[in-house]
Amino acid sequence: MIDLRTPAELDRMREAGRLMAELLNACCDLARPGVTTGEIDAFCRARLKTLGDGTATSGSLGYMGYPAALCVSVNEEVIHGIPGGRVLQHGDLVSLDVCGAYHGFVGDNTRTVAVGGPDALTPDARRLLRTTRRALEEAVAAIRPGKRLGDISHLIERLVAEGGCTVVKEYTGHGVGRRLHEDPPVPNYGKAGRGPILHEGMTLAIEPMVNLGKAAIRVLDDGWTVVTQDGLPAAHFEYTVAVLKDGAEILTPWFERDPWTADWMAG
Ligand code: MF3
Ligand code: CO
């Protein structure tokens, strides 16, 4: 069952999404050399208490037993990295995933940032970042009511392959609304012309998880952290979007602080 949001519900999704995007951007600002991932978590936890009118949820904390307010995944960690004592270093590629509910609706969003700035990355890591971001942006731009979800999934898979990278298949994007994970799953691979038809009022988390090397992943003994088997880095970008009459609206506008037209993104 795929829920459709009313215009009033969409307004609440906009509110939740904007707050989570602002929080994500603030967390990304902290990802600098010498900072521990646990410090970012502490900041995120504290900030969640004062977001909006102060009724935002505690983010990822407690979701299926997850132990932190956000996910911080470094280098070969793809998703669900648990923040802790790890000290960020110049050149690390860090994915920050922030989600939470506000007035009954959830916003979910992710950015991968380069510690020390994009110039700190190897050319391959830069290509990974650019490829993943481009896959997300173009997938969102392709959304229209009447298309099939498989059209979007297939586009992501094709763009990632064109960038010489691989998509992770074991985890997917998802419907998002009153709950973090709703129908439908949104795979980052698939066949055009297949899957559910997109309708006005659907709200989706689109989130390509992309590896620089091989697609194979495994879960660490902590039960959460997903890493690449070959140890090469991964990237992850995510927006919560609403399907509207003329296309998708990005409900988590973190791009306002990270324009993808920046020179280094193009090169
Ligand atoms: N935001 C992640 C998602 O898109 C989930 C983080 S909560 C966790 O599904 F507990 F699963 F880590
Ligand atoms: Co998500």
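Heads up: the structure comes first, above all this text.
Bear in mind the structure is a predicted one, so any value in this text is a computation, not a measurement.

Caption draft 1: Seen up close, the nonpolar core. In this structure, L96 and I206 are the most contacted members of the largest nonpolar core, which totals 59 residues. Counting seven residues, the second largest nonpolar core, distinct from the first, contains I79, V168, M209 and V226.

Caption draft 2: Broad picture of the packing of helix α1 (residues 7-30) against helix α2 (residues 37-50). With their axes 10 Å apart at the nearest point, α1 and α2 run at an angle of 150° to one another. Viewed along their axes, α1 and α2 adopt a mutual orientation that is roughly antiparallel. Crossing of α1 over α2 shows right-handed handedness. Judged by residue contacts, M20, L23, A26, C27 and L30 of α1 engage I40, F43, C44, R47 and L48 from α2. Its residues assigned to classes, the contact of α1 with α2 shows nine nonpolar, no polar and one charged.

Caption draft 3: Representation of helix α3 (residues 123-142) in the model. Under the 1.5 Å per step criterion, the end-to-end length of α3 is 28 Å for 20 residues, consistent within 8% with the ideal 28 Å. Every buried residue of α3 is listed here: A125, L128, L129, T131, T132, R133, A135, L136, E137, A139, V140 and A142.

Caption draft 4: Inspection of the sheet that holds strand β9 (residues 209-211) at higher detail. Read across the sheet, three strands follow the order β5-β9-β12 without closing on themselves; strand pairing throughout is antiparallel. Strands with a single pairing partner mark the edges of an open sheet, and in this sheet they are β5 (166-167) and β12 (234-236). Both β9 and β12 contribute to a ladder of three bridges, which runs antiparallel. Residue pairing for β12: M209 is matched across the bridge by H236. Most of the contacts of α3 go to β12, to which it runs at about 30°, and overall it touches β9 and β12.

Caption draft 5: Seen up close, the environment of D3. By the element assignment, D3 lies in the segment before α1. Distance from D3 to E15, taken between C-alpha atoms, is 19 Å for residues 12 residues apart in sequence. For D3, the contacting residues outside a window of four places in its chain are E182, G201 and M202.

Caption draft 6: Expanded view of the coordination of the cobalt ion (ligand 2). Protein ligation of the cobalt ion (ligand 2) involves D108 (OD), H174 (NE2), E207 (OE) and E238 (OE), the donor distances falling in the range 2.1 to 2.2 Å. Spacing between the donor residues of the cobalt ion (ligand 2) along their common chain follows D-x65-H-x32-E-x30-E. On the criterion of sequence distance, the pair formed by H174 in strand β6 (residues 173-175) and E207 in the loop between β8 (203-206) and β9 is long-range, its members being 33 residues apart. Both residues of the pair, H174 and E207, count as buried.

Rules behind the numbers
Residues numbered from 1 in each chain as written. Chains lettered and ligands numbered in written order. Predicted model: local features only at pLDDT ≥ 70, side-chain atom pairs only at ≥ 80, totals over all residues. Heavy atoms only, no water. Core = buried A, V, L, I, M, F, W, Y, C linked by side-chain atoms within 4.5 Å. Buried < 20%, exposed > 50% of the residue type's maximum accessible area, 1.4 Å probe, protein only. Axes fitted to C-alpha atoms, helices over the stretch in contact; angles between N-to-C directions. Helix = DSSP H or I, 4+ residues; strand = E, 2+ residues; numbered from the N terminus. Parallel < 35°, antiparallel > 145°, perpendicular 65-115°, else oblique. Left-handed = near helix turned anticlockwise from the far one by under 90°. Contact = heavy atoms within 4.5 Å. Nonpolar A, V, L, I, M, F, W, Y, C, P; charged D, E, K, R; others polar. Expected span 1.5 Å × (residues − 1). Pairing = 2+ DSSP bridges. Donors = N, O, S within 2.8 Å, 3.2 Å for Na, K, Ca; no water.

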